[in-house]
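Okay, here's what each chain looks like letter by letter:
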Amino acid sequence: MEEDTDFRVRFSSLCFITDHVGFHGTIKSSPSDFVVTEIDEQGQLVNKATNEWISKVLHEPNNFAKKTKLDFQNLSFKEGSNQEVNIVTGCSYDDQNLTDIKTDESASEKEVMEKNDGTSKGKEEKVDVLGNLLDEKTNELLNHFACDIKEKWNSKTELIGSSPEFSLGRILDKNQRAILHSAVRQKFPFLITVGKNSEIVVKPNLEYKELCHLVSEEEAFDFFKYLDAKKENSKFTFKPDTNKDHRKAVHHFVNKKFGNLVETKSFPELSYNAGNPNVAITVRFREKTHKHRKRSLFECRDQKVIYTAFTLRKENLEMFEALGFLAIKLGVIPSDFSYAGLKDKKAITYQAMVVRKVTPERLKNIEKEIEKKRMNVFNIRSVDDSLRLGQLKGNHFDITIRNLRNQINDSSNLRERILEAIENVKNKGFVNYYGPQRFGMGRKVHTDQIGLALLKSEMVEAVKLFLTPEDLDDPVNRAKKYFLQTEDAKGTLSLMPEFKVRERALLESLHRFGMTEEGCIQAWFSFPHSMRIFYVHAYSSKIWNEAVSYRFATYGSRVVEGDLVSLDEDVDDEHFTNSKVHLVTEEEESANTYAIHQVVLPVLGYNIQYPKNKIGQWYQEILSRDGLQTCRFKVPTLKLNVPGCYRQILKHPRNVSYQLMEEHETDVKTEGSHVDEATLSLLISFDLDASCYATVCLREIMKHDF
């Protein structure tokens, strides 16, 4: 693998828009020299705002008790004789597991039928639930949809594009919706049902498919029926297994996917051979905190998911590492966290976060524990929904630049050079490059290379790139080196430090599924969607950086025919549509209708247009160079869709303030220094729009690559 020997080479070729001389200095001498604070959508700094800035506060849990209660304990499962879809052996069979519903409202819980028990302890009226709630055509189409999904899975055919869906239509009565959810899932455990404004949509249950890699399909079928029925005090037991590693994989799957609902334990068979014991995994539902309030799985589904918002302060800590640590302490997974944007590692950062399935009280309980990892949480409160990327107005920066000095061969007054540079960028702006942190700080592999491999569906290559070591002798890089030499995921796990959350998650999946194309696909799913798509965005960002450099080299600051311009003067992020982008005409070029700060360039994706000039031609040449000339910017196997967007080529810092100080006045002294030889430090503060980089703004001010 070719090594990128000098990281700064990738950014030294980037251009400048201003013409001042600049100066030298040192940034990020310590994390406290670089403080980043998110600005929320209301324009408030998140480290100070205590008002509700995301959504309304959740209703108190007691309100839920007032909802109509549907007793799913009175559902029974009996033998039937209708020809239906058989998910295990084919598409038509004499179904022994059809779902019947007991309509006698006076029936007690004791009348619940156990699986495959064809007798009832009370007189029951047999009801075809799906037949009663669905018209004949919809029922038939549902069966065909289920058949199609199973046939594709059995033939190892990948589901192309977005996950297929089938709508059962709108069911206005909430109780009927709950019954229909149950009936579909009990009959077709390999499907899931989702509610959308009274509409029920049926989709493939990918967790079912994943479990089928570990156990027989018959076991997976029975397990998901058991899980969905949620019968209190019931148990489910997988077939006995002598393979300890295999049992461990089953334990891991069940606890990772359903650990908040069930727990697993292994028990040896009564007559087992001590030398080679047959051990069975038993699953049971966790005990409820409030036993007097018995609620079914479907009633719980009607209850709003708990969302807790908070401000996260972290110091010198990578964001995904912070999320991994918080997830462990709170008993959730990293994908349960949502955030508006990524933040620097070597800095003190304040950002808004929302975590699912965690109460404010639970989050407050871990405050002391996470302080050891240089993290704090505050502004804790209940909200109605998660955050999405880009849901912020921008970021505020408080930065100290130390050891200021003139550029080489520049004898001018340093203070004047500094003030000239700041005022110049305030007025003229800076080239809106993506910053180096977008691409990782590795010298051998950058995140954009991983993104390119994912776009080309080279899953094994992407895994190898992710686990490529640097030329450093530390535990992390020794573990990575061992993996590339052996592809032994289990052995690498024993070497990989616990704090490397992403690497360990990937390795655990590789240990379970193997270092095959399919195994690597499953391994990438150990990352949340936001992290998977981050790598693809990194590739798009790299190409955008190259494009804007080529654009300035070709046309300078002129707006020319074929350029794309933004028609919205108030754009402060990248989320504007094709309708807000205009193609400059020859007449508009001659009349100087548009200014350079209105020009945008596309960030690669399937829903963007290219400039109609030399820049558009350049994009096509680059895509051909990278083997993406036919790329649709969708990776169905990883559920990645990249529509693309537009990014302004120039940006301006706002609310700029600064102060020059002699270094001894800031309590940072160099050993042996004297007061009369004190160097200058610059304290500068400014605001930037979302997705702009402070290091790029500083690069323009200082005319210096970091």
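Residues numbered from 1 in each chain as written. Predicted model: local features only at pLDDT ≥ 70, side-chain atom pairs only at ≥ 80, totals over all residues. Heavy atoms only, no water.

- By the naming in an unreviewed UniProt entry, the protein is Pseudouridylate synthase PUS7L, taken from Callorhinus ursinus.
- Looking at the Function (unreviewed entry) heading of the UniProt record, one finds this comment for the protein: "Pseudouridine synthase that catalyzes pseudouridylation of mRNAs." (UniProt positions renumbered as here; feature names shortened; annotations may be inferred.)

1. Here we look at the packing of aromatic side chains
Move 1: For the coordinates displayed, the defined rule picks out 28 aromatic pairs.
Move 2: When the ring of F34 is compared with that of F397, the centres are 6.2 Å apart and the planes differ by 65 degrees; the resulting orientation is edge-to-face. Separated by 363 residues along the polypeptide, F34 in strand β2 (residues 34-39) and F397 in strand β17 (residues 394-406) bring together distant segments of the chain. Accessibility assignment for this pair places F34 and F397 in one class, buried.
Move 3: Ring plane angle 25 degrees and centroid distance 5.8 Å describe the contact between F145 and F166, whose orientation is recorded as stacked. Of this pair, F145 sits in helix α3 (residues 136-154) while F166 sits in strand β7 (residues 166-170), and the two are 21 residues apart along the sequence. In terms of burial, F145 and F166 fall into one category: buried.
Move 4: Feature note: the residues F188, F190, Y208, F223, F224, Y226, F236, F238, F253, F258 and F285 constitute an aromatic cluster, connected by ring pairs.
Move 5: When the ring centre of F16 is taken as reference, the NZ or CZ atom of R699 above it lies at 4.1 Å. (Phe/Tyr/Trp six-rings, centres within 6.5 Å; stacked < 30°, edge-to-face > 60°. Helix = DSSP H or I, 4+ residues; strand = E, 2+ residues; numbered from the N terminus. Buried < 20%, exposed > 50% of the residue type's maximum accessible area, 1.4 Å probe, protein only. Lys NZ or Arg CZ within 6 Å of the ring centre and 35° of its normal.)

2. Brief notes about the sheet that holds strand β21 (residues 599-603)
Move 1: Ordered in space as β20-β19-β21-β24, the 4 strands form an open sheet in which the pairing is antiparallel. Whereas interior strands pair on both sides, the edge strands pair on one side only; in this sheet they are β20 (581-583) and β24 (645-648). Adjacent strand axes in the sheet meet at a mean angle of 50 degrees, parallel and antiparallel pairs treated alike.
Move 2: Bridge count for strand β19 (residues 564-566) against β20 is 3 bridges, and the pairing is antiparallel. The residue of β20 that forms the bridge with L564 is L583. (Pairing = 2+ DSSP bridges. Axes fitted to C-alpha atoms, helices over the stretch in contact; angles between N-to-C directions.)

3. So, the environment of D40
Move 1: Locating D40 in the fold gives a position in the loop between β2 and β3 (75-77).
Move 2: For D40, a relative accessible area of 2% puts it in the buried group.
Move 3: For the pair formed by D40 and K393, sequence separation is 353 residues and the distance between their alpha carbons is 5.4 Å.
Move 4: Reaching out from D40, the side chain makes a polar contact with the backbone nitrogen of Q42 at a distance of 2.8 Å. (Polar contact = N/O pair within 3.5 Å; in protein donor to acceptor, adjacent residues only side chain to side chain.)

4. Quick notes on the sheet that holds strand β12 (residues 279-285)
Move 1: In space, the 3 strands of this open sheet follow the order β10-β12-β11, with antiparallel pairing throughout. Either end of the sheet is taken by a strand with one partner, and the two such strands are β10 (235-237) and β11 (262-268). On average, adjacent strands in this sheet sit at an angle of 25 degrees to one another, irrespective of strand direction.
Move 2: Sheet topology places β10 next to β12; 3 bridges connect them, and they run antiparallel. Its bridge partner being in β12, F236 is matched across the sheet by V283.
Move 3: In the packing of helix α7 (residues 244-258) onto the sheet, contacts are made with β11 and β12, and the angle to β11 comes to roughly 160 degrees. (Contact = heavy atoms within 4.5 Å.)

5. A few points about the pairing of strand β8 (residues 191-196)
Move 1: Judged from the 6 bridges that link them, β8 and strand β9 (residues 199-204) form a sheet pairing that is antiparallel. Pairing of T193 across the sheet is with V202, part of β9.
Move 2: Taken together, β8 and the strand that follows it, β9, pair antiparallel across an intervening segment of 2 residues, in which N197 is found at a positive phi of about 50 degrees.

6. Concerning the pattern of salt bridges
Move 1: The tally for this structure, following the rule as stated, stands at 32 salt bridges.
Move 2: With a shortest N-O distance of 3.3 Å, E165 and K203 are connected by a salt bridge. Of this pair, E165 sits in the loop between α3 and β7 while K203 sits in strand β9, and the two are 38 residues apart along the sequence.
Move 3: Exposure remark for E165: the relative accessible area of 44% places this residue in the partly exposed category.
Move 4: Shared partners join several salt bridges into a network, and the residues in it are K542, E546, R625 and D626. (Salt bridge = Lys/Arg side-chain N within 4 Å of Asp/Glu carboxyl O.)

7. Some words on the nonpolar core
The nonpolar side chains of soluble globular proteins are, as a tendency, buried together.
Move 1: Membership of the largest hydrophobic core comes to 131 residues, with the highest contact counts inside it found for L510 and W524.
Move 2: If one sorts the elements of this core by residue count, helix α19 (residues 529-555) sits on top with 13 residues.
Move 3: Those residues in contact with W524 that sit more than four places away from it in its chain are I450, L454, M459, A462, V463, F466, L506, R532, Y535 and L638.
Move 4: In terms of nonpolar packing, the next biggest core, distinct from the first, is built from 40 residues, L130, A146, F190 and V215 among them. (Core = buried A, V, L, I, M, F, W, Y, C linked by side-chain atoms within 4.5 Å.)

8. Focus: the UniProt feature "coiled-coil region" (unreviewed entry) in the protein
Move 1: Taking the UniProt record as the reference, the feature "coiled-coil region" (unreviewed entry) is found at residues 401-428.
Move 2: Segment residues 401-428 splits into 54% helix and 21% strand. End C-alpha atoms: 22 Å apart.

9. Examining the side chain of N613
Move 1: Topologically, N613 is positioned in the loop between β21 and α21 (614-625).
Move 2: A relative accessible area of 10% means that N613 is categorised as buried.
Move 3: If near-sequence neighbours (up to four positions away) are discounted, N613 is found in contact with Y555, V560, E561, G562 and D563.

10. Topic: the packing of helix α13 (residues 447-455) against α19
Move 1: Running from amino to carboxyl end, α13 crosses α19 at an angle of 105 degrees, the nearest separation of the two axes being 7 Å. It follows from the interaxial angle that α13 and α19 lie roughly perpendicular. Every residue of α19 that contacts α13 at T447, D448, I450, G451, L452, L454 and L455 is listed here: R532, F534, Y535, V536, A538, Y539 and K542.
Move 2: For the contact of α13 with α19, the class distribution of residues is 9 nonpolar, 2 polar and 3 charged. (Parallel < 35°, antiparallel > 145°, perpendicular 65-115°, else oblique. Nonpolar A, V, L, I, M, F, W, Y, C, P; charged D, E, K, R; others polar.)

11. Observations concerning helix α22 (residues 694-702)
Move 1: With 9 of 9 residues buried, α22 is to be regarded as a mostly interior element.
Move 2: Listing the buried residues of α22 in full gives A694, T695, V696, C697, L698, R699, E700, I701 and M702.
Move 3: Note on α22: the residue one or two positions beyond its end, K703, has a positive phi of about 55 degrees.

12. A word on the environment of Y350
Move 1: Within the fold, Y350 resides in strand β15 (residues 348-356).
Move 2: Take Y350: its relative accessible area is 16%, and that puts it in the buried class.
Move 3: Each residue touching Y350, except ones within four places of it in the same chain, is listed here: V35, V36, T37, E38, V46, N47, T311, L312, R313, K343 and F378.
Move 4: At a separation of 3.2 Å, a polar atom in the side chain of Y350 contacts the side chain of R313.

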